[in-house]
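An overview of the molecular structure
If you want the building blocks of each chain, they are given just below.
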Amino acid sequence: MSGSAPHWTRARGGTWWPTGNGYTAHGQLVRILVNSGRFHARQALSLFVSDNNDELLQAAASVGSAVELLSKAFLVMIEPTLLADRGERDALLVLSGKAHLASCEPISIKSIGALDALQTTKHLLSSFPWNRNTDQVVLNVRNAAIHFALVNPAELRRAVVVMCRLVDSLLDPLGLDREGFWSPERCPLVDQMLDEAQTELRRMVAAKLVAAEERLSELTTHLDDASRAV
């Protein structure tokens, strides 16, 4: 449940997370992480075949963000305090729903990084297909994009395949509907990304078709049915 309080206010008690123009109750933290992870996963799939450098950078940033947010959503579902960095006191208080006792706001707590989140998820969920030796690319491309504004299209394409595999494996443990997460239009594309028999060219063509369909839908959304059909 969201509120419109001007700040997280100790008087209210508990933990309230700042989400845009409102505040969301602590019990909805998994949903907050999932919703943002879904946005980034879709962004990555839509933009990684772009010819625009800024869009490639956004795709690279979203690849790593999607994986991190979904793994953290899984950890929160098990125990929110798993996200506290090295048992940091205020983080433990906030993540246990006692932000009114902490000395900082929820937005300022120290949480574990993406690598720790992925490794902890692997420890708790044996079916999670994270392999640091082969999958680190999802974090590498994100870091290069965010910290240096650099993106290598070939590395990005590899990272998107890894992202699809890792994210897709977390949907069932999180109780998420696959089609609702990726969207009906993107599910076949994700299947192609996960099909090792598919060539990179086929994956690129499939991704470009989905991106083109999304763009066409955006351009025609204001038209009536007859005009859209034409």
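Look up: the structure comes first, before these words.
The sections below set out a description of the structure shown in this document. Remember, predicted model here, so these are calculated numbers, not experimental data. (Residues numbered from 1 in each chain as written. Predicted model: local features only at pLDDT ≥ 70, side-chain atom pairs only at ≥ 80, totals over all residues. Heavy atoms only, no water.)

Describing the packing of helix 7 (residues 153-171) against helix 9 (residues 187-194)
Here is the rule: In this description, a line fitted to the C-alpha atoms serves as the axis of each element, helices being fitted only across the stretch in contact, and the angle between N-to-C directions of two axes falls anywhere from 0 to 180 degrees. Only DSSP runs of H or I with at least four residues qualify as helices, and only runs of E with at least two residues qualify as strands; both kinds are numbered from the N terminus onward. In what follows, roughly perpendicular refers to angles from 65 to 115 degrees, roughly parallel to angles under 35, roughly antiparallel to angles over 145, and oblique to any angle outside these ranges. Whether two residues are in contact is decided by their heavy atoms: any pair within 4.5 Å suffices. Only Asp, Glu, Lys and Arg are considered charged in this grouping, and only Ala, Val, Leu, Ile, Met, Phe, Trp, Tyr, Cys and Pro are considered nonpolar; every other residue, Gly among them, is considered polar.
Packing of helix 7 against helix 9 leaves a shortest axis separation of 9 Å and a crossing angle of 110°. The pairing of helix 7 with helix 9 is recorded here as roughly perpendicular in orientation. Residues Val160, Val161, Cys164, Arg165 and Asp168 of helix 7 form the contact with helix 9, whose participating residues are Val190, Met193 and Leu194. Here the residues of the contact of helix 7 with helix 9 sort into six nonpolar, no polar and two charged.

Digging into the nonpolar core
Test applied: What we call a nonpolar core is a set of buried Ala, Val, Leu, Ile, Met, Phe, Trp, Tyr and Cys residues that are connected through their side-chain atoms within 4.5 Å. The classification of residues rests on relative accessible area computed with a 1.4 Å probe and restricted to protein chains. Under 20% of the type maximum is buried, over 50% is exposed, and intermediate values are partly exposed.
Grouped together as the largest cluster of nonpolar side chains are 62 residues, with contacts concentrated most on Leu45, Val63, Met163, Val167 and Trp182. Listing elements by their share of this core, those giving two or more residues are helix 1 (29-47), helix 2 (53-78), helix 3 (89-95), helix 4 (114-124), helix 6 (137-148), helix 7, helix 8 (178-182) and helix 9. When residues in this core are grouped by element, the largest group, 13 residues, is from helix 2. Once you skip the residues sitting within four places of it in the chain, Val63 turns out to touch Ala44, Val138, Val141, Leu156, Ala159, Val160 and Met163.

Some words on the packing of helix 1 against helix 7
To be explicit about the condition: Note on convention: the crossing is left-handed when the near helix lies turned anticlockwise from the far helix by less than a right angle, right-handed when the turn is clockwise.
Where helix 1 contacts helix 7, the axes come no closer than 11 Å and their chain directions differ by 145°. Where helix 1 crosses over helix 7, the handedness of that crossing is left-handed. Residue-level inspection shows Ala41, Ala44 and Leu45 of helix 1 in contact with helix 7, the latter providing Val160, Met163 and Cys164. Broken down by class, the residue content of the contact of helix 1 with helix 7 amounts to six nonpolar, no polar and no charged.

Re the environment of Ala91
Counting through the fold element by element, Ala91 comes out in helix 3. For Ala91, a relative accessible area of 0% corresponds to the buried category. Remark: the alpha-carbon pair of Ala91 and Cys104, spanning 13 residues in sequence, is separated by 9.0 Å. With residues near it in sequence (within four places) discarded, Ala91 still touches Ala84, Ile109 and Lys110.

Some points on the pattern of salt bridges
Applied cut-off: Any carboxyl oxygen of Asp or Glu that lies within 4 Å of a side-chain nitrogen of Lys or Arg is treated as forming a salt bridge with it.
Applying the stated criterion to the full structure yields seven salt bridges. A salt bridge links Asp191 to Arg178, with the shortest nitrogen-to-oxygen separation between them at 2.8 Å. Taken together, the residues Asp191 in helix 9 and Arg178 in helix 8 connect sequence positions 13 residues apart. Residue classification places Asp191 among the partly exposed residues on the basis of a relative accessible area of 40%. Each of Glu68, Lys72 and Arg142 takes part in a single network of salt bridges with overlapping partners.

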